[in-house]
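Summary of structural features
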Amino acid sequence: MDFTEEEKSGLYKAIHTRRDVRSHFTKKPIPTNILARILHAAHHAPSVGFSQPWNFILIKSTETREAIKGSFQQEKERTADMVEEPRRSQYVRLKLEGIMESYLNICVTYDPTRFGPFVIGRESIPQTGIYSVCCAIQNLWLAARTEGVGLGWVSILSNDTIKRHLELPSYVEPVAYLCLGYVDEFSTKPDLESAGWLPRMNLKNVINYEIWNGKSNIQWSELDKTLGDPEYA
């Protein structure tokens, strides 16, 4: 099944305008059918050996959110000591989560026991189980953006705190704690890029040919030239 030019444009628009949302959340409810569509898209991600090792824990409880927010604050204070001034002060000022402000929190987990101990492909590269969960998260993120819903991934957290408050079995691993909700606006650039924390790397600087640090040759000259176009900077 081919995609129309309009459909292709929509996909690339979602990719390039997706943002890790930390602010601008509103309390506008996400309609049930839209939330179901977003979760359905996540559940249709590729997974190693078709193992589908993810679960999505939906969280509205204020008490749970406050506990998770407390973990965030503790971890941010702890990690701030790893950064020297003046970046330490900048780091402390950055808005890096929307746990209380967002309409909904979602914890995405990895269950390595799903469908038994043998999973095709995972035995050679065990990390592919978690990689599969990350694919589901990306699907969820792009579907949310397409629906005009903001999503932020909070990674400054203690997994032990998450496991305790969400009552996860010992063998289930939390992979992502997400904040989901409508927003007043989507930023034109990622927040950390706008804040000058880190720059956007040029695509050419992360492309190697044939081997690590491999340079372009006649076989790759056309692509190498194309990547020099400002469109791909």
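Before reading further, recall that the structure is shown in the block above.
An account of the accompanying structure is given in this report. (Residues numbered from 1 in each chain as written. Predicted model: local features only at pLDDT ≥ 70, side-chain atom pairs only at ≥ 80, totals over all residues. Heavy atoms only, no water.)

Tallying each qualifying case throughout the model produces 0 disulfides. The thiol of C135 is unpaired, and the distance to the nearest cysteine sulfur, on C134, comes to 7.2 Å. Of all cysteine sulfurs in the structure, the one in C107 sits closest to C179, which takes part in no disulfide; the separation is 11 Å. (Disulfide = S-S within 2.5 Å.)

The subject of this paragraph is a nonpolar patch on the surface. Together, M201, L203, V206 and Y232 line one region of the surface with nonpolar side chains, adding up to about 350 Å² of accessible area. Positionally, V206 belongs in the loop between α7 (191–194) and α8 (221–227). (Patch = residues over 30% accessible without salt bridge, like charges linked within 9 Å, V, L, I, M, F, W, Y side chains within 5 Å. Areas by Shrake-Rupley, 256 points an atom, 1.4 Å probe, with all protein chains shown as cover. Salt bridge = Lys/Arg side-chain N within 4 Å of Asp/Glu carboxyl O. Helix = DSSP H or I, 4+ residues; strand = E, 2+ residues; numbered from the N terminus.)

Right, let's talk about the environment of L96 for a bit. Tracing the backbone shows L96 in the loop between α4 (87–93) and β2 (104–110). By relative accessible area, which is 11% here, L96 ends up buried. Discounting residues that sit within four places of it in the chain, L96 has contacts with R22, F72, K76, Y91, I156 and L192. (Buried < 20%, exposed > 50% of the residue type's maximum accessible area, 1.4 Å probe, protein only. Contact = heavy atoms within 4.5 Å.)

What follows concerns unusual backbone geometry. For the peptide bond that leads from E85 to P86, omega is 5°, which places it in the cis range. As for its position among the elements, P86 is in the loop between α3 (62–80) and α4. Backbone geometry places Q52, a non-glycine residue, at a positive phi of 45°. The topology assignment puts Q52 in the loop between α2 (32–43) and β1 (54–59). Its identity is not glycine, yet E210 carries a phi of approximately 75°, on the positive side. Considering the arrangement of structural elements, one finds E210 in the loop between α7 and α8. Note on E210: relative accessible area 58%, which makes it exposed.

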